[in-house]
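Now for the letters of each chain:
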Amino acid sequence: MKYFIASDHAGVDFKVFVKELFTQKGYEIVDMGPETKERVDYPDFASKVCQEVQKDENSKGILICGTGIGMSMAANKFDGIRAAHCHNEYSAKMAREHNDANILCLGERVTGLGMVEEIIESWLTHSFEGGRHAGRVEKINALATMGSCRV
Ligand code: RB5
């Protein structure tokens with residue numbers, strides 16, 4: 001499994017922390033920017049990660065902004081992307097087990113570093129349960145064809 005990570009200016013510190021965490025745990029994680037805290041627009045960075053995840057079914061993404069809200073809104077515009085904005089361990093577990101989320105969104109201004117570590121651990125150690133959830137995820141995927149998704 002390959003991971004892609006990006007943030008906006010409000011998520012750079014978390015990005016560094018999360019990247020280090022993934023590396024320590026032995027995961028491959030690719031940083032899509034930004035490198036500085038100069039102001040940027042979060043949809044541009046959501047777009048970079050989502051396009052990579054769209055290309056490779058065997059990959060997942062982490063997107064970080066101030067609240068996690070803008071990143072999740074932007075990411076969920078992409079066909080095949082199921083982005084979950086998680087504030088705690090339980091949400092991260094459910095996002096993987098029930099929703100097969102392929103992007104985890106975090107908010108640096110609203111979530112503490114200790115909590116982020118738990119969220120990541122939970123995200124990494126739970127997987128999609130399939131079964132009754134599979135049809136629901138299929139229905140989510142089908143929704144993308146109902147409107148016009150611009151990427
Ligand atoms: C940037 O000020 C802030 O709006 C952004 O990081 C994010 O929280 C948007 O949802």
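These numbers come from a predicted model, not from an experiment.

A.B. asks: Sorry, what's going on with the packing of aromatic side chains here?
C.D. replies: Centre-to-centre distance and the angle between the planes together describe a pair of aromatic rings. Following the criterion strictly, the structure yields three aromatic pairs and no others. When the centroid spacing of 4.9 Å and the interplanar angle of 65 degrees are considered together, the rings of Y3 and F22 count as edge-to-face. One end of the pair, Y3, is in strand β1 (residues 2-7); the other, F22, is in helix α1 (residues 12-24), and 19 residues separate them in sequence. Here Y3 and F22 have matching classes, each one buried. Feature note: the residues Y3, F22 and Y27 constitute an aromatic cluster, connected by ring pairs.

A.B. asks: Can you walk me through the environment of E129 in this structure?
C.D. replies: By secondary structure assignment, the location of E129 is in the loop between α5 (113-125) and α6 (132-143). Between the C-alpha atom of E129 and that of Q51, which follows or precedes it by 78 residues, the distance is 25 Å. In this structure, E129 is in contact with E97 and H98, ignoring residues within four places of it in sequence.

A.B. asks: What exactly am I supposed to notice about the site of the ligand here?
C.D. replies: In the vicinity of the ligand, the residues found are D8, H9, A10, Y42, C65, G66, T67, G70 and R109. A distance of 2.6 Å is found between an oxygen atom of the ligand and a side-chain nitrogen or oxygen belonging to D8. Taken by itself the ligand offers 290 Å² of open surface, and the protein chains cover 72% of this. By residue class, the composition of the shell around the ligand is three nonpolar, four polar and two charged.

A.B. asks: Help me understand the layout of surface pockets, please; the structure alone is not making it clear to me.
C.D. replies: Leftover empty space is mapped by rolling, across the atoms, a probe with the size of a water molecule. Reported here for the largest pocket is a volume of approximately 250 Å³. If you trace the largest pocket, you find 15 residues lining it, with V53, E57, G80, R82 and N102 closest to the centre. Of all elements in the fold, only α2 (42-55) and β3 (59-65) reach the threshold of two or more residues within the lining of the largest pocket. When its residues are assigned to classes, the lining of the largest pocket shows three nonpolar, five polar and seven charged.

Rules and cut-offs
- Residues numbered from 1 in each chain as written.
- Predicted model: local features only at pLDDT ≥ 70, side-chain atom pairs only at ≥ 80, totals over all residues.
- Heavy atoms only, no water.
- Phe/Tyr/Trp six-rings, centres within 6.5 Å; stacked < 30°, edge-to-face > 60°.
- Helix = DSSP H or I, 4+ residues; strand = E, 2+ residues; numbered from the N terminus.
- Buried < 20%, exposed > 50% of the residue type's maximum accessible area, 1.4 Å probe, protein only.
- Contact = heavy atoms within 4.5 Å.
- Near = heavy atom within 4 Å.
- Polar contact = N/O pair within 3.5 Å; in protein donor to acceptor, adjacent residues only side chain to side chain.
- Areas by Shrake-Rupley, 256 points an atom, 1.4 Å probe, with all protein chains shown as cover.
- Nonpolar A, V, L, I, M, F, W, Y, C, P; charged D, E, K, R; others polar.
- 1 Å grid on protein atoms, 1.4 Å probe; cavity = no way out; pocket = protein on both sides within 12 Å on 5 of 7 lines; lining within 4 Å.
- Points joined across faces, edges and corners; volume = space filled by probe spheres on them.

These figures capture arrangement, not role.
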